[in-house]
Amino acid sequence: MSLSFVLAGGGTAGHVNPLLSTALALRERGCAVRAVGTSEGLEADLVPEAGVELSTIVRVPLPRRPDMDMLRFPVRYRRAVAQATEILGKAGADAVIGFGGYASTPVYRAAKALGVPVVVHEQNAKPGLANRYGARFAEAVALTFDSTPLAARAGVTQTVGLPLRPAIADLARTRARGADAPRLRAAERFDLDPGLPTLLVTGGSLGALHLNDVLTSGLPAIRRAGVQILHLTGRGKDGAVRAALREAGGYGRYRVVDYLRGMEEAYAAADLVLCRSGAGTVAELCALGLPGFFVPLPIGNGEQERNAADVVAAGGAALVRDRDFDLTAFERDVLPLVGDAARLEAMAAASRGLGHVDAAERLADLAVRIGGEKG
């Protein structure tokens, strides 16, 4: 008999992509899958596009201060739990897999009331509120990072890694075999020299203006060092970088792209990645065995610096806090590293040692075991 799973999460691509990768791995095992999210998150578009059925519940963020939202919260939360209860019942769920975010807490609560086993996947080194709640009664907690302080109170806890998009996992397997084809294709795609060391600079789909500003101020030093750059500026943020290049007289080894849907193409070209340290980025670099130079996002609760802690401690990456990352740090720490083949090779090996290429499969196997034991 095939098992049925309800996967809860969303809000950002960082939550949706692992959910979809896990859903694909479950389908390959003959399981039925359905996702639960909200109509406001990215899951509203990304999940149906991937061919996974999506059920939505009301978005109920926990109020942070006494106001009208706090007064409305109990009624809205009960409504979300009721909607989640109906979804789990109709799906005949054998288990729930939650990835955090607004949709997960009501689903966890409904699963507990119905006696449906819960599997929690925590992608960040600092766990969120929803997953801390779910871990209280989860049958299993799956972690991306060994150092994450979250455990199932009465169930099993294990590090599986972050379920990767299939294209990233495929690239990781190809790189592990030492194949040159992806790098050659990427070099042709971006008009790069595949024989030169390449620095990939990215702030994600939205970009990182601070990284962009430091890079443009460092153009004279980049030219002197002869470093090859592939700079993903963020959607709509390429204008200032292109203008700075023109004002500096141009540089033939500097490529500017504002947004790239398939990050695996850029990764294939890179020897070192200068970037923020979201959980997805850190997990992808480790799986690919790519050295990272992290400049964590300075807002939030410090989770980005924690995400990078394990790989930095292992020697697979370097880190400079945002307030300390300036032209001096770029010239002193980043530019010499790009051309240091021996150090990059050692960093790549250390990074790869913490990677999990098969995280989606491992999480799916864990969920199937939990769901099968319930059945």
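You'll find the structure just up there.
Computed from a predicted model, the values in this text were never measured in an experiment.

Thresholds applied
- Residues numbered from 1 in each chain as written.
- Predicted model: local features only at pLDDT ≥ 70, side-chain atom pairs only at ≥ 80, totals over all residues.
- Heavy atoms only, no water.
- Helix = DSSP H or I, 4+ residues; strand = E, 2+ residues; numbered from the N terminus.
- Rg over C-alpha atoms; globule rule 2.2 N^0.38 Å.
- Buried < 20%, exposed > 50% of the residue type's maximum accessible area, 1.4 Å probe, protein only.
- Contact = heavy atoms within 4.5 Å.
- Areas by Shrake-Rupley, 256 points an atom, 1.4 Å probe, with all protein chains shown as cover.
- Lys, Arg positive; Asp, Glu negative; His and termini not counted.
- Charge placed at Lys NZ, Arg CZ, Asp CG, Glu CD.
- Phe/Tyr/Trp six-rings, centres within 6.5 Å; stacked < 30°, edge-to-face > 60°.

Asks: Tell me about the overall build of the chain, residues and numbers included.
Replies: Each helix and strand in the chain was counted, giving 16 helices and 13 strands. The C-alpha atoms of the chain give 22 Å as radius of gyration, which agrees with the globular expectation for 375 residues (21 Å, within 12%). When the backbone C-alpha atoms are referred to their principal axes, the chain occupies close to 65 × 50 × 35 Å. Residue burial in the chain is summarised as follows: out of 375 residues, 51% are buried. Taking the intrachain contacts of the chain between residues at least 6 apart in sequence as the baseline, contacts between residues at least 24 apart amount to 66%. Accessible surface for the chain amounts to roughly 16300 Å². Of this, 51% is attributable to carbon and sulfur atoms. Side chains of the chain carry 43 positive and 40 negative charges; the gap between the two charge centres is 5 Å.

Asks: Kindly report on the packing of aromatic side chains, identifying the contributing residues and their values.
Replies: Counted according to the given criterion, the structure contains two aromatic pairs. A ring pair is formed by Tyr-133 and Phe-137, whose centres lie 5.2 Å apart and whose planes are at 80°; its orientation type is edge-to-face. Given the relative accessible area of 17%, Tyr-133 is considered buried. Ring centres 6.4 Å apart and planes at 45° place the aromatic pair Phe-293 and Phe-325 in the tilted group. Residue Phe-293 is located in strand β12 (residues 292–294), and its partner Phe-325 is located in the loop between β13 (317–319) and α14 (327–338); the two are separated by 32 residues in the primary sequence. Exposure remark for Phe-293: the relative accessible area of 2% places this residue in the buried category. Judged by relative accessible area, which is 1%, Phe-325 ranks as buried.

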